[in-house]
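Here are the chains, one letter per residue:
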Amino acid sequence: MASAGRSPEQPHQPEDIRVVVDTIPTLVWSAHPDGSAKFFNQRWLDYTGLSAEEASDSGWTAALHPEDRGRLMDYWGHLLVSGKAGEMEARLRRYDGEYRWFLFRAEPVRDNGGKISKWFGANTDIEDRKRAEALLAAEKRTLEMLAGGARLSDILENLCDTIDAQAGNVISAVMLMDADGMRLWFAAGRRLPKGWVEAINPLTIGPCIGSCGTAASLKQRVIVSDIATDPLWVDYRDLALRYGFRAAWSQPLLSKNQQVLGTFGMYYPEPRTPSETDLRLIEGAGHIAVIAIEGERSQVALTRAFDEIAKSEAELRTIIDAIPQLIVAVGTDGNFLYANQTVLEYTGLTQEEVRTQKFHELFHPEDSERLRGQRDAAISGGVPFEYERRMRRRDGQFRWLLVQYNPLRDEHGEVIRWYATGTDIDDRKQAEERTRQENFALREQIDQAFMFDEIVGSSPALKSVLSSIVKVAPTDSTVLITGETGTGKELIARAIHKGSHRVGQPFISVNCAAIPSSLIASELFGHEKGAFTGALQRRQGRFELAHSGTIFLDEIGELPAETQIALLRVLQDRQFERVGGNRIISTDVRVIAATNRDLAAAIASGTFRADLFYRLNVFPIHVPPLRNRKEDIPMLVEYFVKRYAEKAGKQIRKIDKNTLKLCQSYPWPGNIRELQNIIERSVILCTGDTFSIDGAWLSSQNLARPRSSRLLTETLHSYEKELIEAALAESNGKVAGPNGAAAKLGIPRSTLDLKIKQLNIKKNTIRQSSR
């Protein structure tokens, strides 16, 4: 992702470095700090077919897919501005003109001063992964559409669209075999020219009838790399070339008993020999098409069977036996009555054994225990239902089935029988499990890199915070943590402590806002016996308790002015005195402070000392609100659900998808603390194995957030100032004495003097105006 502007300095690379970089089995490049191209390794040049001179300036972007070029360059520009590492997926053209998906990674290199000195990048081929993901998604979508009763034509069109999107310049199509077994009819492929479809439809099959006709005739895959010269296309060559076809591959669609169901074809506008990836793609697409065709035919056959059931039970059994799908008749009490021939062949049982305990023993015990109550309740409800469970095949292997129950009703609408159909989905489940394991491994990597105790997430905003923690933790620098309430500022402070050399020493946390202003100095620095009323013995303060460790001062913005001075002394001289004492005590403690207030505004209003702020703000860390790190919400939900489910002794296996969407759309004014409380409440009320949140809870709490946490403080200060000025006016500017403003307000004189100073009240002005 190098920008234009300078020519790649290919010749200026040290020879030994170039040799090493050229042997790296990936595409490597570097760029100047401004993003201009600096170097492409030989593998990059060989892959794209560009020379170093051709790749210079903006020349390298010619190898990008036109649809991806704009967004990739925009993203590269964003990285240059932010100075952060990044990655993006885009298509890169190979020397032979084929585009393949790559993961583009870019990483800045900084000098000792922290300034970016260059960029390094690597392009990793992910074409096979993208195609595998697309095939898995297409198979899942096919099963969902089958279960939802979608038309076969719609299912096949969806499959063709998926393959076309993966291969770029390919046009895919499905043809279905006529009932006579001699002709193919066009079924799906919206990108095929209409004139071509009309000219070949129907297509008589034969050993030399193009790619599809030959594949159906021979029951094997046919690859024609160049239509212009291949003898299989002698009858349709001119027509194909007229419509721009130069290569055509076809995969026969065969049922389990080797009956030809149709063909899946792929057409290209240039001569082309398939790669191993291409062969896996067409084979996978053909497999999905077979699932769709057989599933649709099974559903059609089953529907016909239901229509005929009233005529003859014996005839029904004959029909069901002919259906290539697992079908079992179930009584209204849930007992199994009989199974079709496919079930008997699949399980190795006899028709008599289906009605005994032997049939029940075929089901995996874990699934039987899990589904018993669900199945009984669904049968009692009389509505169609489905579930997934494992069943032991005759070879002893347990395989996953999608079991769908449909009721048969009499003329009065009463359920007289159930029919359960089973579809083998074990391959799909294994693919999902592999994906889950891969995600689990990835999650563990993320956990190791980006989790500090309860700091959960991997968003760019949080990564920036964690990066700051890693950098500042080993030092003894004072840290000021800012952020809204509920964002987890204390967790950040604890993470800094645990990453420091003081980790084995105390971590003392103090909430400055929770301690009365008259006691805060004693709480922090301790007091001597008799220092004030109630000081019956000497007491150590939090700074002494935190000696050699870390003290965390939360809500630092609430400290009174006199305590701010004492704290400033600790930060400057590492010394303090107990309240009522005169002995200087030295301390070795790291100070971490936090606030949700705007300290700059507090400095401007005179309620917070500027010199203290600069002492605290040596290394600032801003914790982003949860609404700015929405990508972390699924991980946070999963973390808290697991935590509170274990605490409550509940087995929660899944999280409702709508709940995740709801959580990501809600602004969370209370941040992580609000999310944590909502999840704890929901876990307590959860009765099944699927976690969900009542949307009404969020809507009722979705109140407008205050624009700033200092608005309340400013309002209180304004009201307080009005009361004091009114009392001073009544006492003609006099503070002490029985008729003074302090007596009228019911507060000590020293407190009033402090308030007058904090609120910048001019007593002389008030005395003059009252005359």
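Keep in mind it's a predicted model, so treat the numbers as computed, not measured.

1. Section: the overall build of the protein chain
The helix and strand tally for the protein chain stands at 29 helices and 25 strands. Carbon and sulfur atoms provide 50% of the accessible area of the protein chain, an area that totals close to 38500 Å².

2. Points about the pattern of salt bridges
Under the defined criterion, the tally for this structure stands at 36 salt bridges. A salt bridge links Arg390 to Asp367; the shortest N-O distance between them is 2.9 Å. Remark: Asp367 occurs in helix 13 (residues 365-381) and Arg390 occurs in strand 14 (residues 385-392); sequence separation between them is 23 residues. Salt bridges linked by common partners bring Glu67, Asp68, Arg71 and Arg91 together as one network.

3. Concerning the confidence of the model for the protein chain
Per-residue pLDDT for the protein chain averages 83, and the proportion of residues at 70 or more is 87%. Throughout residues 703-710 the model reports pLDDT below 50, and contacts reaching past four residues in sequence, or to other chains, amount to seven contacts.

4. Considerations on the sheet that holds strand 13 (residues 336-339)
The strand order across the open sheet built from five strands is 13-12-16-15-14, with neighbouring strands paired in antiparallel fashion. Every interior strand has two partners, whereas the edge strands, strand 13 and strand 14, have only one. Pairwise comparison of adjacent strand axes, ignoring direction, gives a mean angle of 30° for this sheet. In terms of strand pairing, strand 15 (residues 398-409) meets strand 16 (residues 415-424) through nine bridges, oriented antiparallel. Among the inter-strand pairings, Leu402 is bridged to a residue of strand 16, identified as Thr423. The sheet contacts of helix 13 involve strand 12 (326-330), strand 13, strand 14, strand 15 and strand 16, and relative to strand 14 the element is tilted by about 150°.

5. Some words on the nonpolar core
The biggest cluster of nonpolar side chains holds 29 residues, and the ones touching the most others in it are Phe543, Ile551, Leu553 and Ile556. Listed by contribution, the elements that provide at least two residues to this core are strand 18 (507-511), helix 17 (520-525), strand 19 (550-554), helix 19 (561-573), strand 22 (590-595), helix 20 (599-605) and helix 21 (610-616). If one sorts the elements of this core by residue count, helix 19 sits on top with four residues. Aside from chain neighbours lying at most four places away, what touches Phe543 is Leu524, Phe525, Ile551, Leu567, Val570, Phe576, Thr587, Val589 and Val591.

6. Notes on helix 19
For helix 19, built from 13 residues, the straight-helix expectation of 18 Å at 1.5 Å per residue is met to within 8% by its first-to-last C-alpha distance of 18 Å. Those residues of helix 19 hidden inside the fold are in contact with helix 17, helix 18 (542-545), strand 19, strand 20 (575-577), strand 22 and helix 21. A positive backbone phi angle near 60° is found at Arg574, which sits one or two residues after helix 19.

7. Focus: the side chain of Ser468
Topologically, Ser468 is positioned in helix 15 (residues 460-472). Judged by its relative accessible area of 19%, Ser468 falls in the buried class. Those residues in contact with Ser468 that lie beyond four places of it in its chain are Phe619 and Ile621.

8. Here's the deal with the sheet that holds strand 19
Reading across from one edge, 18-19-22-17-23 is the order of the five strands in this open sheet, with parallel pairing throughout. The open sheet has two free edges, formed respectively by strand 18 and strand 23 (619-622), since each of these has just one partner strand. With strand direction ignored, the average angle separating the axes of adjacent strands in the sheet is 20°. With five bridges joining them, strand 18 and strand 19 adopt parallel strand pairing. For Ile508, the partnering residue across the bridge sits in strand 19 and is Ile551. Sheet contacts for helix 15: strand 17 (479-482), strand 22 and strand 23; angle to strand 23, the most-contacted strand, approximately 155°. Contacts between helix 16 (residues 489-498) and the sheet are confined to strand 17, strand 18, strand 19, strand 22 and strand 23, with strand 17 contributing the most and set at about 155° to the helix.

9. Examining the pairing of strand 12
Burial of strand 12 is extensive: five of the five residues sit out of reach of the surface. Relative to strand 16, strand 12 runs antiparallel, the two sharing five bridges. Across the sheet, the residue bridging to Val328 is Ala420, located in strand 16. Inspection of the sheet shows strand 12 paired to strand 13 by three bridges, in the antiparallel sense. Following the sheet pairing, Val330 is matched in strand 13 by Phe336. Joining the antiparallel neighbours strand 12 and strand 13 is a turn of five residues, in which Gly334 adopts a positive phi near 95°.

10. Observations concerning the packing of helix 22 (residues 633-648) against helix 23 (residues 657-665)
Helix 23 packs onto helix 22 with a crossing angle of 120° between their chain directions and a minimal axis gap of 9 Å. Classified by the angle between their axes, helix 22 and helix 23 sit oblique to one another. Crossing of helix 22 over helix 23 shows right-handed handedness. Within the contact between the two elements, helix 22 uses Ile633, Pro634 and Val637 and helix 23 uses Leu660, Cys663 and Gln664.

11. Focus: the packing of helix 22 against helix 24 (residues 671-685)
At their nearest, the axes of helix 22 and helix 24 sit 9 Å apart, and the two run at 45° to each other. With respect to helix 24, the element helix 22 is oriented oblique. Crossing of helix 22 over helix 24 shows right-handed handedness. Residues Leu636, Val637, Phe640, Val641, Arg643, Tyr644, Ala645, Lys647 and Ala648 of helix 22 touch helix 24, and the partners they reach there are Ile672, Leu675, Gln676, Ile679, Glu680 and Val683. Residue classes in the contact of helix 22 with helix 24 are distributed as 11 nonpolar, one polar and three charged.

12. Here we look at the packing of aromatic side chains
Taken as a whole, this structure holds 26 aromatic pairs when the rule is applied. In textbook terms, an aromatic cluster arises when at least three aromatic residues are bridged by ring pairs, as seen for Trp196, Trp233, Tyr243, Phe245 and Tyr267. The positively charged end of Arg389 is found above the aromatic ring belonging to Phe363, 4.1 Å away from the centroid.

13. Looking at the environment of Arg355
Positionally, Arg355 belongs in the loop between helix 11 (341-347) and helix 12 (357-360). Residue classification places Arg355 among the partly exposed residues on the basis of a relative accessible area of 46%. Along the sequence, Arg355 and Phe336 sit 19 residues apart, while their C-alpha atoms lie 5.6 Å from each other. When residues no more than four places from it in sequence are discounted, the contact partners of Arg355 are Phe336, Leu337 and Tyr338. Of the polar contacts made by the side chain of Arg355, one reaches the backbone oxygen of Leu337; its length is 3.0 Å.

14. Points about the side chain of Arg94
Among the secondary structure elements, Arg94 is positioned in the loop between strand 3 (86-93) and strand 4 (99-110). You can call Arg94 buried: its relative accessible area is 19%. Here the side chain of Arg94 touches Glu98 through a polar contact of 2.5 Å, side chain to side chain. In contact with Arg94, other than residues within four places in its own chain, are Tyr47, Thr48 and Arg100.

Basis of the calculations
- Residues numbered from 1 in each chain as written.
- Predicted model: local features only at pLDDT ≥ 70, side-chain atom pairs only at ≥ 80, totals over all residues.
- Heavy atoms only, no water.
- Helix = DSSP H or I, 4+ residues; strand = E, 2+ residues; numbered from the N terminus.
- Areas by Shrake-Rupley, 256 points an atom, 1.4 Å probe, with all protein chains shown as cover.
- Salt bridge = Lys/Arg side-chain N within 4 Å of Asp/Glu carboxyl O.
- pLDDT = per-residue confidence, 0-100.
- Contact = heavy atoms within 4.5 Å.
- Pairing = 2+ DSSP bridges.
- Axes fitted to C-alpha atoms, helices over the stretch in contact; angles between N-to-C directions.
- Core = buried A, V, L, I, M, F, W, Y, C linked by side-chain atoms within 4.5 Å.
- Buried < 20%, exposed > 50% of the residue type's maximum accessible area, 1.4 Å probe, protein only.
- Expected span 1.5 Å × (residues − 1).
- Parallel < 35°, antiparallel > 145°, perpendicular 65-115°, else oblique.
- Left-handed = near helix turned anticlockwise from the far one by under 90°.
- Nonpolar A, V, L, I, M, F, W, Y, C, P; charged D, E, K, R; others polar.
- Phe/Tyr/Trp six-rings, centres within 6.5 Å; stacked < 30°, edge-to-face > 60°.
- Lys NZ or Arg CZ within 6 Å of the ring centre and 35° of its normal.
- Polar contact = N/O pair within 3.5 Å; in protein donor to acceptor, adjacent residues only side chain to side chain.

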